[in-house]
Amino acid sequence: MQGEGMQRRRLRLRETTVSDLITNKKRLVEVPYTASLADTINALMANRILAAPVAAPPGHWIGAGGSMIMESDKQTGAARKHYIGMVTMLDVLSHIAGNGPEDLDSRMQVPVSSIIGHCLESLTLWTINTHTGIADYMEIFSKGIHRALVPVDSQMENIAGVELMESASSYHMLTQMDLLRFLKDHDHDLQPLLQRPIAQLGAIVDAVFGVSNKTKVMDAITSMNRASLNAVPILESTGTVSEDHRQLIDGKGRKPMGTFSATDLRGCPISVLQSCLQVSVMEFINRLSEIPLHESSGLRNSTDELITCRPETSLGEVVDKVVNNHVHRAWVVDESGMLTGVISLTDIIKVIRVWLLSDRT
């Protein structure tokens, strides 16, 4: 009887669609293609988001990945704007890293359209139809796609899944974090999976690279750009002469001290960032925490609490940690507090989807 009850809950969750996740979603935050990079960062910070679609007049641009995602008039169907890509904080970091530390203020005045494509994520702009089932959109997010647009009043309502062509009167944004929050709210339907250790589920990624606590901010940004990483652990320096503080280093068996992430730079005024490019990542984060604007914005400081877990930690506890702290990964440590791996939202979604589609307990 208990097994039958679990199967009923699993089937109920399988019947969930995208429309169930966007019930309380706010309006889409977008930026015009002519907006300066500085204004774009301000928009991301004000809305507490890490990425936003870039809108341009229709007929003048090729969309990211060849996409044709339009906002159209609800009455006439005429195209009003074309979403040409997604600008992320990693694009901003790449722009900074690719041009050196000089005259940062003037480089922040470039139009946002000029930096789209600096990282892979901004070249993948997708939509998910409201009728798409949970297993299908979980598959999308389990492959590293962090966010997708959801059309409202779509003209392609009979198509489920991910599309490269779309026209709708408006859109919502659905992210990996939105999905994890939804699953957390329905944790009763995910038992007993959430009780199982993450190591047993194969959810841990063993390869983990970070930067030393002595690494300069500019070098950290450059390294993250090269590896297409949104965040890296800050590792306690070994103090040896041979340690290279300008490159990513293997974090296995090293002590994590904090996290250096794109989120940190989202809350950083340009003047502060320019003055901190040549200081260590730890000094930068400490300075950032003292800025009243950063505190009032509600942005989390990476060193406030290092989000870690153990291999034997249950999946449910990890989900609670990442959702409650609004982080996109937890560092996996051993009994001595040394790094053994990392578990990200992508990894969590992947193991939940596998369980949801199986008949196993």
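Every chain's residues receive numbers from 1 upward, in the order its sequence appears when written. For this predicted model, a pLDDT threshold of at least 70 governs which residues receive local features, and a threshold of 80 or more governs which side-chain atom pairs are given and counted, while totals over whole chains, interfaces and linings are taken from all residues. Here the side-chain values reflect all heavy atoms present in the structure, with hydrogen atoms and water set aside.

As recorded in an unreviewed UniProt entry, the chain goes by the name SNF1-related protein kinase regulatory subunit gamma-like PV42a, listed as coming from Salvia divinorum.

## Details of the environment of Arg-14
With respect to the helices, strands and loops of the structure, Arg-14 is situated in helix α1 (residues 2-14). As for Arg-14 and Ala-135, which are separated by 121 residues in sequence, their C-alpha atoms are 6.6 Å apart. By the convention used here, residues are in contact when the closest approach between their heavy atoms is within 4.5 Å. Those residues in contact with Arg-14, other than ones at most four positions away along the chain, are Ile-134, Leu-356, Leu-357, Ser-358 and Asp-359. Engagement of the side chain of Arg-14 in a polar contact is seen with the backbone oxygen of Ser-358, the distance being 3.2 Å. Only DSSP runs of H or I with at least four residues qualify as helices, and only runs of E with at least two residues qualify as strands; both kinds are numbered from the N terminus onward. Polar contact criterion, stated in full: a pair of N or O atoms within 3.5 Å, where within protein one must be able to donate a hydrogen and the other to accept it, and residues adjacent in sequence count only if both atoms are side-chain atoms.

## Examining helix α14 (residues 315-324)
We call a residue buried when its accessible area falls under 20% of the maximum for its residue type, exposed when it is over 50%, and partly exposed in between, using a 1.4 Å probe and counting protein chains only. Those residues of α14 lying buried are Leu-315, Gly-316, Val-318, Val-319, Val-322 and Val-323. For α14, the angular spread of the buried residues around the axis is 160 degrees, confining them to a single face. Contact partners of the buried residues in α14: α7 (176-185), α8 (198-201), β14 (308-309), β15 (329-333), β16 (339-344) and α15 (345-357). Positive backbone phi, at 50 degrees, marks His-326, one or two positions downstream of α14. Taking the helix axis as origin, the arc is that swept by the directions to the C-beta atoms.

## Section: the sheet that holds β16
Note on pairing: two strands pair once DSSP finds at least 2 bridges between them. Strand order across the open sheet formed by three strands is β14-β15-β16, with mixed pairing between neighbours. Whereas interior strands pair on both sides, the edge strands pair on one side only; in this sheet they are β14 and β16. In this sheet, β16 lies alongside β15 in antiparallel orientation, the contact comprising five bridges. Across the sheet, Trp-331 pairs through a bridge with Val-342, a residue of β16.

## Some details on the packing of α7 against α14
When two helices pack together, their arrangement is given by the angle between the helix axes and by the axis-to-axis distance. Helix axes are fitted to C-alpha atoms over the stretch in contact, other axes to C-alpha atoms as well, and angles between N-to-C directions run from 0 to 180 degrees. Contact geometry of α7 with α14 gives a least axis separation of 10 Å together with a crossing angle of 130 degrees. One element, α7, and the other, α14, form an angle in the oblique class. As α7 runs across α14, the sense of the crossing is left-handed. Contact with α7, carried on its side by Met-177, Leu-180, Arg-181 and Lys-184, involves Val-319, Asp-320, Val-322, Val-323 and Asn-324 of α14 and no other residues of that element. Only Asp, Glu, Lys and Arg are considered charged, only Ala, Val, Leu, Ile, Met, Phe, Trp, Tyr, Cys and Pro nonpolar, and every remaining residue, Gly among them, polar. For the contact of α7 with α14, a count of residues per class yields five nonpolar, one polar and three charged. These descriptions rest on fixed angle ranges, namely under 35 degrees for roughly parallel, over 145 for roughly antiparallel, 65 to 115 for roughly perpendicular, and the rest for oblique. Left-handed describes a crossing whose near helix is turned anticlockwise from the far helix by less than a right angle; the clockwise case is right-handed.

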